[in-house]
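Chain by chain, the residues:
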Amino acid sequence: TQLLEQSPQFLSIQEGENLTVYCNSSSVFSSLQWYRQEPGEGPVLLVTVVTGGEVKKLKRLTFQFGDARKDSSLHITAAQPGDTGLYLCAGDSSGTYKYIFGTGTRLKVLA
Amino acid sequence: GAVVSQHPSRVICKSGTSVKIECRSLDFQATTMFWYRQFPKQSLMLMATSNEGSKATYEQGVEKDKFLINHASLTLSTLTVTSAHPEDSSFYICSAAAPRASEAFFGQGTRLTVV
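These notes cover the structure that comes with them. (Residues numbered from 1 in each chain as written. Chains lettered and ligands numbered in written order. Predicted model: local features only at pLDDT ≥ 70, side-chain atom pairs only at ≥ 80, totals over all residues. Heavy atoms only, no water.)

This paragraph deals with the overall build of chain B. For chain B, the count of helices and strands is zero helices and eleven strands. With respect to the principal axes defined by its C-alpha atoms, chain B has extents near 40 × 30 × 25 Å. Of all 115 residues assigned to chain B, the portion counted as buried reaches 52%. Taking the intrachain contacts of chain B between residues at least 6 apart in sequence as the baseline, contacts between residues at least 24 apart amount to 53%. Total accessible area on chain B stands at roughly 5,700 Å², and carbon and sulfur atoms take up 50% of it. Across chain B, 11 positive and 9 negative side-chain charges occur, with their mean positions spaced 5 Å apart. (Helix = DSSP H or I, 4+ residues; strand = E, 2+ residues; numbered from the N terminus. Buried < 20%, exposed > 50% of the residue type's maximum accessible area, 1.4 Å probe, protein only. Contact = heavy atoms within 4.5 Å. Areas by Shrake-Rupley, 256 points an atom, 1.4 Å probe, with all protein chains shown as cover. Lys, Arg positive; Asp, Glu negative; His and termini not counted. Charge placed at Lys NZ, Arg CZ, Asp CG, Glu CD.)

Let us now look at the overall build of chain A. Each helix and strand in chain A was counted, giving zero helices and eleven strands. For chain A, the C-alpha radius of gyration of 13 Å lies close to 13 Å, the compact-globule estimate for 111 residues. Dimensions of chain A, computed from the C-alpha atoms along their principal axes, are close to 40 × 30 × 20 Å. Evaluated residue by residue, chain A yields a buried proportion of 42% over its 111 residues. Contacts spanning at least 24 positions in sequence make up 54% of the contacts within chain A whose residues lie at least 6 apart. Distance between charge centroids for chain A: 3 Å, based on 10 positive and 10 negative side chains. (Rg over C-alpha atoms; globule rule 2.2 N^0.38 Å.)

Moving on to the sheet that holds strand 1 (residues 4-7) of chain B. Residue and element names in this part refer to chain B. A sheet is described by the order of its strands in space; here four strands give the open sequence 1-3-8-7, paired in antiparallel fashion. Every other strand in the sheet has two partners, leaving strand 1 and strand 7 (67-73) as the edge strands with one partner each. Between one strand and the next, the sheet's axes are offset by a mean angle of 20°, whatever the strand orientation. Here five bridges tie strand 7 to strand 8 (residues 76-81), and the two strands are oriented antiparallel to one another. (Pairing = 2+ DSSP bridges. Axes fitted to C-alpha atoms, helices over the stretch in contact; angles between N-to-C directions.)

As a further point, take the nonpolar core. One finds B:Val4, B:Phe28, B:Trp35, B:Phe67, B:Leu79, B:Tyr92 and B:Leu112 to be the most contacted residues of the largest nonpolar core, which totals 28 residues. Sorting the residues of this core by element identifies strand 2 (10-13), strand 3 (19-25), strand 4 (32-38), strand 5 (44-51), strand 7, strand 8, strand 9 (90-96) and strand 11 (110-114) of chain B as the ones contributing at least two each. With residues near it in sequence (within four places) discarded, B:Val4 still touches B:Cys23, B:Arg24, B:Phe28, B:Cys94, B:Ala96, B:Phe105, B:Phe106, B:Gly107 and B:Gln108. Counting residues in hydrophobic clusters, the runner-up holds 20 residues, among them A:Leu4, A:Cys23, A:Tyr87 and A:Cys89. (Core = buried A, V, L, I, M, F, W, Y, C linked by side-chain atoms within 4.5 Å.)

Moving on, we come to the state of the cysteines. Residue and element names in this part refer to chain B. This structure, assessed with the given rule, holds two disulfides over all chains. There is a disulfide in this structure between Cys23 and Cys94, and the S-S distance comes to 2.0 Å. Disulfide Cys23 to Cys94: torsion about the S-S bond roughly 80°, handedness right-handed. Placement of the pair is Cys23 in strand 3 and Cys94 in strand 9, with a sequence separation of 71 residues. Comparing Cys23 with Cys94 shows no difference in burial state: the two are buried. Summary of cysteine pairing: Cys13 is not part of a disulfide, and the nearest cysteine sulfur, belonging to Cys94, is at 18 Å. Cys13 sits in the buried class, given a relative accessible area of 8%. (Disulfide = S-S within 2.5 Å.)

Next up, the structure:
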């Protein structure tokens, strides 16, 4: 069974701080997605990474895909209260859009 | 991005009854859709792959006779929870990928509460 472990599980930080969320697996993925989910809503796509070593930036968010395509990280710079939410990584091992989701990281940014 | 819509967004049903959840791709055709379940404070767990015109493929541990999936058209998949019990209460989410897309898009989810 493929597993995607995220760390940390929970994170509570002050506005303006930086943070990194990790997504690790022993499996190789053809692509990896990062989503943010608000309570009672479906996950919203933040980014897709497909190439080993790839780095993508989305404003204050930086995403990196590991060289071996087994792990990924999400770094948020100068976190804001609006960044509060559940962050999920999701891996696609076969290119079929059949995703295995990570265990999730619940982020709370305090004003 | 492509739009995937679920209906209803919330449903409450009595124990022992069945409830149907719809997943529609609004601006594209999807030969494959996926159904996930999310319990409170947990991540999404894949339940099954819905294939247009053929039988769904279920993940290990998911009862195919309890969670009936029908994908009769290229824009609609339905999940029917049969003989629902309180432990079936959960957030059900579907996804679909548009042709030539690099990722799947998710519906807004359906909150099922069985009383």
